[in-house]
Structures are given as C-alpha cells and as structure tokens.
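Residue-level listing of the chains:
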Amino acid sequence: MTDRDTDAAFAELERTWASRPGLIGFLTAVNHKQIGLRFIWTAVVFLLIGGVEALLIRLQLATSDGTVLGPEAYNQLFTMHGTTMMFLFGIPILEGLAMYFVPLQIGTRDLPLPRLNAFGYWVYLFGGILLHWSFLTGDVPDGGWFAYPPLTSTEFSPGAGIDFWLLGVTFVEISGIIGAVEIVVLIMRFRAPGMTLSRIPLFSWSALIMSGMMLFAFPFVVAASVLLEVERKFGAPFYDPSLGGDPLLWQHLFWIFGHPEVYILLLPATGIVSAVVAAHVRRPVVAYPLVVASLVAIAIASFGLWVHHMFTVGLPVLVLSLFAVASYFIAVPSGIQVFAWIATIWEGRPRWGTPLWFVIGFLVIFVLGGITGVMVATAPFDHQAHDTFFVVAHFHYVLIGGVVFPVFAGLHHWFPKMTGRLPSESIGKTAFWLMFVGFNVAFFPQHWLGLQGMVRRTYTYPAGLGWEAANMASTVGSFVLAAGVLLFLANLAHAWRRGRESGPDPWGADTLEWAAQSPPNNHNFDSLPVVGSLSPLWDRGAHGYDDETLESIGVLGRPWLGRREVLRTTVVAADPEAIVVLPGPTYWPFVTAAALTSSLVGVLVDAWALAGLGAVVAVAFLIGWATEDRVRLTRQSSDPSGTSPDFLAAVGTDEDPGHEVSGSDQAPALARRRAAEHFKALTPRGHSASWWGVMVGLTALATIVAALVYAYFYLRLGADSWPPSRSSERPLGIPLAALALVVVAGVLSMPRAGSGLARWLAMGLAAGGLTLQVVAVVGSGYRIDANAYEAIVIVLEVMAASLLAVALLVRATMLVEAMRSPTDPEPVEVDIAYWRGALVLWAVLWAVVHVAPRVV
Ligand code: HAS
Ligand code: CU
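Residues numbered from 1 in each chain as written. Chains lettered and ligands numbered in written order. Predicted model: local features only at pLDDT ≥ 70, side-chain atom pairs only at ≥ 80, totals over all residues. Heavy atoms only, no water.

Enquirer: Whenever I open this one, the overall build of the chain confuses me. Can you help?
Expert: Looking only at helices and strands, one finds 27 helices and four strands in the chain. Across the 856 residues that make up the chain, the buried fraction comes to 60%. In the chain, 83% of the contacts between residues at least 6 apart in sequence involve partners at least 24 apart. Of the roughly 31300 Å² that the chain leaves accessible, carbon and sulfur atoms contribute 69%. (Helix = DSSP H or I, 4+ residues; strand = E, 2+ residues; numbered from the N terminus. Buried < 20%, exposed > 50% of the residue type's maximum accessible area, 1.4 Å probe, protein only. Contact = heavy atoms within 4.5 Å. Areas by Shrake-Rupley, 256 points an atom, 1.4 Å probe, with all protein chains shown as cover.)

Pasting the structure below:
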C-alpha cells in the first residue's frame, strides 16, 4: 500500500464513523465517545444540583434550632440529595468514563450495541429529569434515598412524591443495566487481538466487574420499587403486615441491591486510581493478579453483607454475627489494593501533579472510612451508632474519599484525551487542597457528633447539648469543599477552550487510549492495534503496540464500503473471530425512550390511557428499531463489490521469518502473527454481539425473577397459613395444559437453526399457552388487594406472561427479519437465545406459583 492509499483510507474511515451535524446529530448520535461524554457532563450537572441540596441541609444544621428549612423541606432535601448523588451522579459518571475510555483502552472503535447505548443515555436523562420535575409540581420525594415503607406507603405518603421517586429510580436503574450489558459484551468480545485476560488494563477490569455486579444488584431495587408502586397504585399489600405483607421485605430487597451498590461505585473508582497511579508514578501497579483477584473477591463478597444495614431491626444473634464476620472479611481485599497502590507509588517515580494528589487524598480518606466501616460492622457498636451522624461520617468518607476523589483524579488525568488540552496544574492542586481540607473539616466532627447521639434524618437539634461548634465547623467545611469542587470544574471549563495543547500522550502513560489522537478521531485508531503486553505503550517494539504493528495490520476492513466495521475476538485469548458491522446514527433510541417516558408519566398522573398508548408506541418503535437495516445506516458503498485493493489482504506483510524472537519477546510476535493470519483468512465464527447482548440481558432478567421469587418465599416464611384461608387453592388443570403447550413450544425451538416452520408452530403453541395462563389467572378469582399471597401470585403470573408475550414478539420480528436476509444468522440466533431463556424462566415461575404452595 502506498502512503496515498493509506491517507485516503483513513479519510474514508473518518467519514464513515462521523455522527451527523447539528441537532439531528445530537438526537441520532450513537458513538461511544459522544454518549460517554454526555453521561459525564450530565452527571456533573447532577453533582452540582446534589451539592446545592447538601449545602442547604448544612445551613439548616449549622446552628441549633435552625430555621432555614422546615421539617418537610429538610426531608425532601436529604432524600433528593442522597438519591441524586447515588443514582444520578455516582453510577452515571463511572459508566460514562467506562463508555468513553474502555473501547479506547482495549483498542476498538465503538461499543458493541451502540443504539442500545444511546437509548440508555436518554432513559437516564429522562429519569433524572422526572425525579427533579417533582420540584415543580411540589410533590418532592421525602422518604429518604432508601424509601422505607411504611413511611413510603400511601397511608403516610399520600402525595405523588414517592411515585416520582419509584418510577424515576426504576428508569435510571434500567439505564444502568443497559450500560452494564454493553460494557460486559464489549470487554468480553471486542478486545484488541492479543489482549488476553492478563493484559486487560485495571480500569477496564474494574468496569467489567462493576457491570457484572450491576446485572445482579440493580434488578433487586427495580423489583422492590415495582412492588411498592403496585402497592401504592393498586393496594397490593406486599409491605403491609395487616394483610400478610412485611415492611422488612423492602429492607432486604433494597439492601441486597444497596450494599453491592456501594462497591459498584467503589470498584471502578479504584480502577481509575490504578490507571492514574501507573501513569503518574511511571510503573505498572504491582501485584496485578492480586489486584484483579481483590476486585473479584469484593464483588462476590459484597452480595453477602446486606444485613449489616439492618442490625437494629431485631434479628437472631447468629445472623448478626455471620453478617458482621462477612463484613470484616471485605477489609482484606480492600487492604490488598491499598497496599498495592502504596507499594507502586513507593517503587515508582511519582510526578506530583493534580491526579496523584487526588489519589493521595483518596488513600487517606478511604482508609479512614473503611475503618469506621469495620467499626459499624460490629453489631454491638452499631446498636449505638446506627442512624446517627457516625454513619453519615462513615459513608461520606468512603463515598467522597473513595469515589469522588478518584473520579476527579480521573477527570483531570483523562481531560487532555477528551479535549486535547491540559488543565492548569496550579489551579488543580489548589482545588485539591480546598477539597481535602474542606472535606475533613466537614465530616470529621460528624463522627464525634454521632457518638454524642446526634441522629441523622432529623431536621434540627436543641440548644444546650454542646453540638453547635462541631456543626458549625461541619457547615463551614462543606462550603470550603464546595468551593474546591467549583474551582476544579472551572479549571476544566477554562482549559476546554484555553488550555495548553496536550498532544496525544502528555503523561507518557501506558494504555492504548493514549495511542489515539487527542481528542480521538471518529474511528479511534487508524490501524487497529495488536497487544502483546499489559503496558503496550511502554513496551513499544519489544512487546506491544508499535509503528511496525501499525503498518502490519493495515486498516481494518474495507473503508471504501463505508461500513462501521470492528473486530470481534475470542473471550480468553482475544483471537480475531469475525468482522462485525455496527450501526450508525439513528432516531430509534431517542423516540423509543421518549415513548416509554410518556408511558411512565401516564402512570404517574393516573392517566392510564396515556400510559397504555406510550407503551404500545414504544413496542412499535422497538420493532422498527430491531428491523432497521444496520448496514444502510452508515454511508452507502460506492463500490459494493470491493474491487479496490483488499485491505485485509494487505495484512501481515511484515512477517519476517528470519527475525529470531526469544523469551518474553515471543508472545507479541506470536500474537501479531496469529492476528495477521486471522485477518487474512477470517471465516466468521462464534456468536454475534446481539446474541451476547441477549444472553447478558437475560442474566438481569433472571435476577428480576429471582428477586420476585425471593419476595414470594420471604412472605411465605412470615405467614401462618399459606395460602391464607381466603385464597382457595387453584385447580391445576388449565395451568398444566399451559405448561404442556409451552414445553412443546420450547422443544420445537431447540434445533439450532430450527426450520422456519417449526418455529412458527412453536409460536402458535406458546400463544396458546399464554392464553390458557391468562384464562387460569382470571378464573382463579384472585384479587391483587386481597392479601399478600394473592398479590405476589398475580405479580409472578404477570411477570411470566410478559416473558412469553415478549418471546412471541421477538420471534415474529426475527422470523420476518430472517426471511428478509436469509444469509444473516443473527436473527435466528437472537430469537433462539431469548426463547430458551424466557421459557426456562416461565417454567420456574410456573413451578413457584403452582407447586410451591402445595409442598412448602
Ligand atoms: Fe459502608 C453504611 C460497613 C465500605 C457506603 N456504607 C454505609 C452507608 C453507605 C456506605 C452509603 O456494617 C449508609 C447507607 C444508609 O443510608 O444507611 N462499609 C462497611 C464496611 C466497609 C464499608 C465493613 N461503605 C463502604 C464503601 C462505601 C460505603 C466502600 C461506598 C463507596 N457501612 C457499613 C455498615 C453500615 C454502612 C455496617 C451500616 C451502618 C448503619 O448503622 O446503618 C468495608 O468495605 C471497608 C473496607 C476498607 C477498609 C480500608 C482499607 C483496608 C486496610 C486494611 C487494614 C484495615 C483493617 C481494619 C484490618 C477497612 C488499610 C481495622 C479495623 C479497625 C476498627 C481499626
Ligand atoms: Cu453495606
């Protein structure tokens, strides 16, 4: 290839990967950098909103008998503050950073399901707006970020505030699950050739683990919220003890989500710390395998700790002890990471810029917060500290120290990559010191206040307890902290236009994002990198990404076709597997999210016609989305036959059999050669990205089912008689017939590429099963407001019926798709994957509804 050919090819790629201009571009963009950046700045806006709410709270508490806020306003502000920070700032900013940087770090050009990603953003934005809309209607949620019933039931919260909260949070969590699916599939299937598991950068590892955790945690809060909303709208007594419900069920469901949630925030933040430490002390983080193992250990263990938030609800001592010990255990992997960073800084050549200062701030504050965590994990101590400011101090140490400081380190560190400009170091460091000092002045005294008995979530305290000075210090400190945050953001805003040019790699960092331009061009990399080391940019030539490699790989795909092509690789070895065509700009994500939002608003204001219409329109849009021709979305080929020089064939020309490689040098050369071979003769194999998306999405769906089944058995355990005397046992005849039909439908769908006819037939049978199921439920005479048993049975039945109904829709759409493009295996794959999952879940629910009441 001559240089001219190459330049023309790069220009062609750049046009192919461009978004559309103007407002249309804004609404239709799907590119990971644009969407990632949107997540980041939207989250920053919510950080500022949440910050103002916090300052108002502190003004009220500055003096005894404060009069800045009344009790109602105070309740609303601490609720919205916690909700905003946890749901609208913390998770989205970390997801945004992951969406922007993971594709670059692992050497690809976009996320695997770009339209879904854009949809996730709109859902997040609309959910966040909805939550804050309540300020305009006056019905501001005031039940705390944990929304415990019975406080949040209609009896004690009759207004629409809690509905805003439940629906808004559910929406935002769905956006989170979507982002998680995206990132899991991305990291498993789209890494650069040669990027084996042990060469994945720590930030990408942490993003993968965060996303995996989200799939298992978020569905619990979605399920809890849906149950509470159904209770509020239709009188289903899930949390009402007078009809067999139990408010503690909420606490379990909420904290099964809520405890992992804090590590979902912490882990990617530690990933940022690892990235920043390596780059700014100029050596890889020590003990990489141990650090990865710690991330995994924390992720798994964190699902077994939730009861430590419920130590004071009156549980057996054995339970208290088990959960306390489990909570101590988590200090071990946390400690391993802390010592790994300290050792890395010790061994390295630190450059004391702003990012590293934020890391130091993180280390100091997070360790203090971790230690108070171990203290409150000790049940007898917690009996004193629970619901006091001691806990408030603990979680601000871990959340601001453990999450905000690392995120700020990351924003400063990656800012040059996103903008091509360097923020001021002196302003950055000033901002750091303001934040560090302000933070400690604001929150350290709260430990003492808590031990003195000052309770949280109470709008004032009387004079004469000696708490004034500490509270005043806390308020002053929080304003200093806020000034630091503003200065930090102002520094970035200023640098955006005026900062010094940074060039591609101002820090001399090690991971692939620094090999791209700053800001990266539309297609990220001119040539797709091949990776032979954990620090590819430090091991240029010897191990990793080098100019030679650039030449050797050439440009992926055939740019003159105008398609968004990326490389799919295998899970473990990252061997090239297939070339995947990604979709370009499209309206579907935006309009679908808008339709869903209008449906949600319908529920909120009891306009059921609007709710139904919105849902129907959203489904119609989803079908439009699923059948949209992805290849046509990008620029049309001028030369579809591809008579121009075959770029794939130009690959691998640098293979030099005379060049002896030895020892550790062997791996990269091998990887490169293997990649080159694959490029030459890449017969597509493995599953499509959509198939992976469905499989990972099914995990989240299965978790929702698990949460509902958990609720069923929890209610069952608390009941004296089950089913309660009012609820006659349901006859089995029709349900058995439904089961038979669905099982046969499942069997008919089994053969891999199953004949079209068998799959149509299966559809008919499943539709029959669904009809029988509905008939049986209606015929049972069960009422959702009768008692907790009937209510949960109806919810399980509705869940099962929805799974089946969606399966029918998916199959109809995919069969039509398959007829339109008979050579494309994807529709069949997606259809069969979803069917298997949905039918298995349906059968599980069937067993719970019909078998469980008879045997347990
Ligand atoms: Fe926590 C409450 C226990 C870490 C966030 N936590 C909260 C709440 C939030 C939160 C938001 O067991 C309040 C929720 C609400 O609104 O009610 N937490 C722990 C423990 C750890 C911990 C054991 N928390 C976090 C992180 C968070 C977070 C991380 C966010 C990012 N937390 C609790 C408990 C409650 C709680 C109770 C409920 C209290 C109540 O009454 O409501 C651990 O993961 C911390 C491990 C980390 C370290 C530091 C590094 C380790 C080193 C090794 C040596 C240290 C040792 C320990 C051996 C420990 C350096 C020595 C121990 C001594 C006592 C000296
Ligand atoms: Cu916890």
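Enquirer: In this structure, what is going on with the nonpolar core? I would like to understand it.
Expert: Most often, soluble globular proteins keep nonpolar side chains buried together rather than apart. Among the nonpolar cores identified, the biggest contains 244 residues, and Phe 238, Trp 250, Phe 408 and Leu 411 are the most heavily contacted of them. Phe 238 has contacts with Leu 227, Val 230, Glu 231, Gly 245, Asp 246, Leu 249, Leu 715, Ala 791, Ile 792 and Val 795, leaving out every residue within four places of it along the chain. (Core = buried A, V, L, I, M, F, W, Y, C linked by side-chain atoms within 4.5 Å.)

Enquirer: Can you walk me through the coordination of the iron atom of ligand 1 in this structure?
Expert: Around a metal, the ideal angle is 109.5 degrees if four donors adopt a tetrahedral arrangement and 90 or 180 degrees if six donors adopt an octahedral arrangement. The protein gives the iron atom of ligand 1 a lone donor atom, His 394 (NE2), placed 2.1 Å from the metal. Between the iron atom of ligand 1 and the copper ion (ligand 2) the interatomic distance comes to 4.5 Å. Looking at where His 394 falls in the secondary structure, it is placed in helix α14 (residues 389-419). (Donors = N, O, S within 2.8 Å, 3.2 Å for Na, K, Ca; no water.)

Enquirer: Quick question: what am I supposed to make of the site of ligand 1 here?
Expert: The local shell around ligand 1 holds 30 residues, among which Tyr 263, Asp 382, His 386, His 394 and Arg 456 are the closest. Tyr 263 is positioned with one of its side-chain polar atoms (N or O) 2.5 Å from an oxygen atom of ligand 1. Interatomic distance of 2.6 Å between a side-chain N/O atom of His 386 and an oxygen atom of ligand 1. Contributing elements (two or more residues each) for the shell around ligand 1: α8 (247-281), α11 (331-347), α12 (354-376) and α14. If you tally residues by element for the shell around ligand 1, the top one is α12, at seven residues. Along the lines of polarity and charge, the residues of the shell around ligand 1 split into 18 nonpolar, nine polar and three charged. (Near = heavy atom within 4 Å. Polar contact = N/O pair within 3.5 Å; in protein donor to acceptor, adjacent residues only side chain to side chain. Nonpolar A, V, L, I, M, F, W, Y, C, P; charged D, E, K, R; others polar.)

Enquirer: Explain the coordination of the copper ion (ligand 2) to me, please; I cannot follow it from the model alone.
Expert: Listed as protein donors to the copper ion (ligand 2) are His 259 (ND1), His 308 (NE2) and His 309 (NE2); their distances from the metal cover 1.8 to 2.1 Å. Sequence spacing among the residues donating to the copper ion (ligand 2) works out to H-x48-H-H. Residue classification places His 309 among the partly exposed residues on the basis of a relative accessible area of 22%.

Enquirer: Looking at this model, I keep getting lost on the packing of aromatic side chains. Mind explaining?
Expert: Aromatic ring pairs are described here by two measures, namely the spacing of the ring centres and the angle between the planes. Applying the stated criterion to the full structure yields 54 aromatic pairs. Seen from their ring centres, Trp 433 and Phe 436 are 5.9 Å apart, and the 85° between their planes marks the pair as edge-to-face. Residue Trp 433 and its partner Phe 436 are both found in helix α15 (residues 425-451); the two are separated by three residues, about one turn of the helix. Judged by centre distance (5.7 Å) and plane angle (55°), the rings of Trp 588 and Phe 621 are tilted. Here the residue Trp 588 occupies a position in helix α18 (residues 588-604), and Phe 621 occupies one in helix α19 (residues 608-627), the gap between them amounting to 33 residues. Connected via pairs of aromatic rings, a cluster forms that spans Phe 87, Trp 145, Trp 165, Phe 218, Phe 238, Tyr 239, Trp 250, Phe 254, Trp 255 and Phe 257. (Phe/Tyr/Trp six-rings, centres within 6.5 Å; stacked < 30°, edge-to-face > 60°.)

Enquirer: Just to check I follow, could you spell out the packing of helix α24 (residues 756-780) against helix α25 (residues 788-820) for this structure?
Expert: For any two helices packed against each other, the geometry is given by the interaxial angle and the distance between the axes. Relative orientation of the contacting elements α24 and α25 amounts to 160°, with a least axis distance of 10 Å. The orientation of α24 relative to α25 falls into the category roughly antiparallel. When you trace α24 past α25, the crossing you get is left-handed. Facing α24, whose interface residues are Gly 756, Arg 759, Trp 760, Ala 762, Met 763, Ala 766, Ala 767, Leu 770, Gln 773 and Val 777, α25 presents Glu 797, Ala 800, Ala 801, Leu 804, Ala 805, Leu 808, Arg 811, Ala 812, Leu 815 and Met 819. (Axes fitted to C-alpha atoms, helices over the stretch in contact; angles between N-to-C directions. Parallel < 35°, antiparallel > 145°, perpendicular 65-115°, else oblique. Left-handed = near helix turned anticlockwise from the far one by under 90°.)

Enquirer: Help me understand the pairing of strand β4 (residues 576-582), please; the structure alone is not making it clear to me.
Expert: Both faces of the sheet carry side chains from a regular strand, because those side chains alternate between them. A large share of β4 lies buried, amounting to six of its seven residues. Across six bridges, the pairing between strand β3 (residues 564-569) and β4 is antiparallel. Bridging across to β4, Thr 569 finds its partner in Pro 576. Where β3 folds back onto β4 in an antiparallel hairpin, the turn is made up of six residues, including Ala 574, whose phi is positive at roughly 55°. (Pairing = 2+ DSSP bridges.)

Enquirer: How should a nonpolar patch on the surface be read in this particular structure?
Expert: Residues Leu 23, Phe 26, Trp 41, Val 45 and Ile 49 make up a contiguous nonpolar surface patch of roughly 460 Å² in combined accessible area. Listed by contribution, the elements that provide at least two residues to the nonpolar patch are α2 (22-28) and α3 (32-61). By residue number, the principal contributor to the nonpolar patch is α3, which donates three residues. On the basis of relative accessible area, Trp 41 is assigned to the partly exposed category, the value being 45%. (Patch = residues over 30% accessible without salt bridge, like charges linked within 9 Å, V, L, I, M, F, W, Y side chains within 5 Å. Salt bridge = Lys/Arg side-chain N within 4 Å of Asp/Glu carboxyl O.)

Enquirer: In this structure, what is going on with α24? I would like to understand it.
Expert: Given 3.6 residues to a turn, an α-helix orients residues that are three or four positions apart in the same direction. The terminal C-alpha atoms of α24 lie 36 Å apart, and with 25 residues this matches the ideal 36 Å at 1.5 Å per residue to within 8%. All of the buried residues along α24 are Ala 758, Arg 759, Ala 762, Met 763, Ala 766, Gly 769, Leu 770, Gln 773, Ala 776 and Ser 780. Against the buried residues of α24 lie α23 (733-748), α25 and α26 (826-850). (Expected span 1.5 Å × (residues − 1).)

Enquirer: Could you clarify how one ought to interpret the environment of Glu 261 in this entry?
Expert: Mapped onto the elements of the fold, Glu 261 is located in helix α8. On the basis of relative accessibility, which here comes to 0%, the residue Glu 261 falls in the buried class. C-alpha of Glu 261 to C-alpha of Phe 303: the two residues are 42 residues apart in sequence and 9.5 Å apart in space. Excluding residues within four positions of it along the chain, Glu 261 makes contact with Met 86, Ile 91 and Phe 218.

Enquirer: What am I meant to see in the pattern of salt bridges here?
Expert: If the charged atoms of two oppositely charged side chains come close together, the side chains can form a pair. Inspection of every chain in the model, using the stated rule, returns 14 salt bridges. Between Arg 726 and Glu 790 there is a salt bridge; the shortest N-O distance is 2.8 Å. With Arg 726 in the loop between α22 (689-718) and α23 and Glu 790 in helix α25, this residue pair connects regions lying 64 residues apart in the sequence. One salt bridge connects Arg 811 with Asp 831, and the closest N-O pair in it is separated by 2.9 Å. Here the residue Arg 811 occupies a position in helix α25, and Asp 831 occupies one in helix α26, the gap between them amounting to 20 residues. Of the two residues examined, Arg 811 and Asp 831, each falls in the buried class. Through salt bridges with shared partners, a single network forms among Arg 189, Arg 568 and Glu 577.

Enquirer: Explain the packing of α8 against α14 here, please?
Expert: Orientation of α8 relative to α14, taken along the N-to-C sense of each, is 45°, at an axis distance of 8 Å. Of the possible angle classes, the one that applies to α8 and α14 is oblique. At the point where α8 passes α14, the crossing takes the left-handed sense. In contact with Leu 265, Leu 266, Ala 269, Ile 272, Val 273, Ala 275, Val 276, Ala 279 and His 280 of α8, α14 contributes Leu 399, Gly 402, Val 403, Pro 406, Val 407, Ala 409, Gly 410, His 413 and Trp 414. Considering only residue class, the contact of α8 with α14 consists of 14 nonpolar, four polar and no charged.

Enquirer: Please explain helix α6 (residues 161-189) as it appears in this structure.
Expert: Look at α6: 42 Å from first C-alpha to last across 29 residues, which is about the 42 Å you get at 1.5 Å a residue. In terms of burial, α6 is a largely internal element, 27 of the 29 residues being buried.

Enquirer: Would you mind showing me how to read the side chain of Arg 456 here?
Expert: With respect to the helices and strands, Arg 456 occurs in the loop between α15 and α16 (468-498). Among residues more than four places away in sequence, those in contact with Arg 456 are Phe 146, Asp 387, Thr 388, Phe 389, Val 391, Val 392 and Phe 395.

Enquirer: Which parts of the structure should I look at to understand the confidence of the model for the chain?
Expert: Reading predicted coordinates in detail is not appropriate for stretches of low pLDDT. Overall, the prediction assigns the chain a mean pLDDT of 89, with 90% of residues at 70 or greater. Ignoring residues within four places in sequence, the model shows residues 542-554, a span with pLDDT below 50, making 44 contacts including any to other chains. Across residues 635-668, where pLDDT falls below 50, the model places 53 contacts with residues more than four positions away in sequence or in other chains. (pLDDT = per-residue confidence, 0-100.)

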